[in-house]
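Descriptive structure summary
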Amino acid sequence: MPYARGQHDALSYTWGSPEKTSRIHLNHGDLAITLNFSAALSELRTTSEARFVWADVICINQDDIEERNRQIRMMQRIYRQASSVVVWLGDTTDLSTSTVRNLILPFNYSAESSSWPGTLILQFPEDILCGLRHLFSRPWWKRIWIVQEAVAAREIVFIYGGEVIPWRYLQYLCISIQLCEFRREQKTQALRTCGYRNFAALDNFRKHDPMPLLRLLQGTRNYEASDPRDKLYALLGMASDISSGDLIPDYSQSVEAIYRHLVRFM
């Protein structure tokens, strides 16, 4: 189907456990879904108006190889034309909820009224700073498909439990962490080990899009995929040195055949 600009939000999430233990009702019957996806839909749903959300588990028939091949080639356009990309990070713990409410939101209120984020973050208690580790260690940060989803997005908003965090809020926060992480203060240990570089890496991809395929492959070598073919296919839409007919997604090919083709191309 065609996707008109700005008429839908696109969901970015992790499948979580592959067991499909929840169900939703669609036009032609029920569909089995994972618990994490069900939680994301419940959080996105509004009772006052209809909301159009693109999500892979519903919009792509995962059992139809030809359809998967077609949809992969459309993926970047789908996310780019979305009014926003909504990232579902999952449910929060008490500590991470406190960190969002008592660090990330107040920090940004202060940062927006200041021309220099500098050492602002060191003004917060150490136990609140430690909660950042829960945020930046969510499984979403290491899923290979999120790179293209984040790069293509015009606007990105994170939903973490019931908390909403705009992308720019984490940008301000990570700038301050980078400026402070090697200062001689006890609190900086919590900053160095909080995992903020997971966000910084994605932000770097957004700033330098597009880039050569080899650089993308090197920069994402630690990202994870349930299907090893996705380690390549998830990057094709961002590569600056690939034309439409060079490397075409085809899930009917073996992993070995795909990577032999990649090596010959490189």
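Look a little higher up for the structure.
Residues numbered from 1 in each chain as written. Predicted model: local features only at pLDDT ≥ 70, side-chain atom pairs only at ≥ 80, totals over all residues. Heavy atoms only, no water.

Structural notes on the overall build of the chain
From N to C terminus, the chain includes 13 helices and 7 strands. Summarising its shape, the C-alpha atoms of the chain cover approximately 55 × 50 × 35 Å along the three principal directions. Counting the 266 residues in the chain, one finds 47% classified as buried. Across the chain, contacts joining residues at least 24 apart in sequence account for 70% of those joining residues at least 6 apart. Counting only carbon and sulfur atoms, one obtains 49% of the accessible surface of the chain, whose full area is about 13,800 Å². Taken as two groups, the 30 positive and 29 negative side-chain charges of the chain have centres that lie 5 Å from each other. (Helix = DSSP H or I, 4+ residues; strand = E, 2+ residues; numbered from the N terminus. Buried < 20%, exposed > 50% of the residue type's maximum accessible area, 1.4 Å probe, protein only. Contact = heavy atoms within 4.5 Å. Areas by Shrake-Rupley, 256 points an atom, 1.4 Å probe, with all protein chains shown as cover. Lys, Arg positive; Asp, Glu negative; His and termini not counted. Charge placed at Lys NZ, Arg CZ, Asp CG, Glu CD.)

Focus: unusual backbone geometry
Along the chain, Asp209 connects to Pro210 via a cis peptide bond; the corresponding omega equals -5°. Relative to the helices and strands, Pro210 resides in the loop between α10 (197-207) and α11 (213-219).

Describing helix α7 (residues 145-152)
For α7, a buried count of 8 out of 8 residues is recorded, marking the element as mostly surrounded by other parts of the structure. Turning to α7, its buried residues number three or more, namely Trp145, Ile146, Val147, Gln148, Glu149, Ala150, Val151 and Ala152. Of the surrounding elements, those touching the buried residues of α7 are β1 (9-12), α3 (65-81), β5 (84-90), β6 (156-160), α10 and α12 (230-233).

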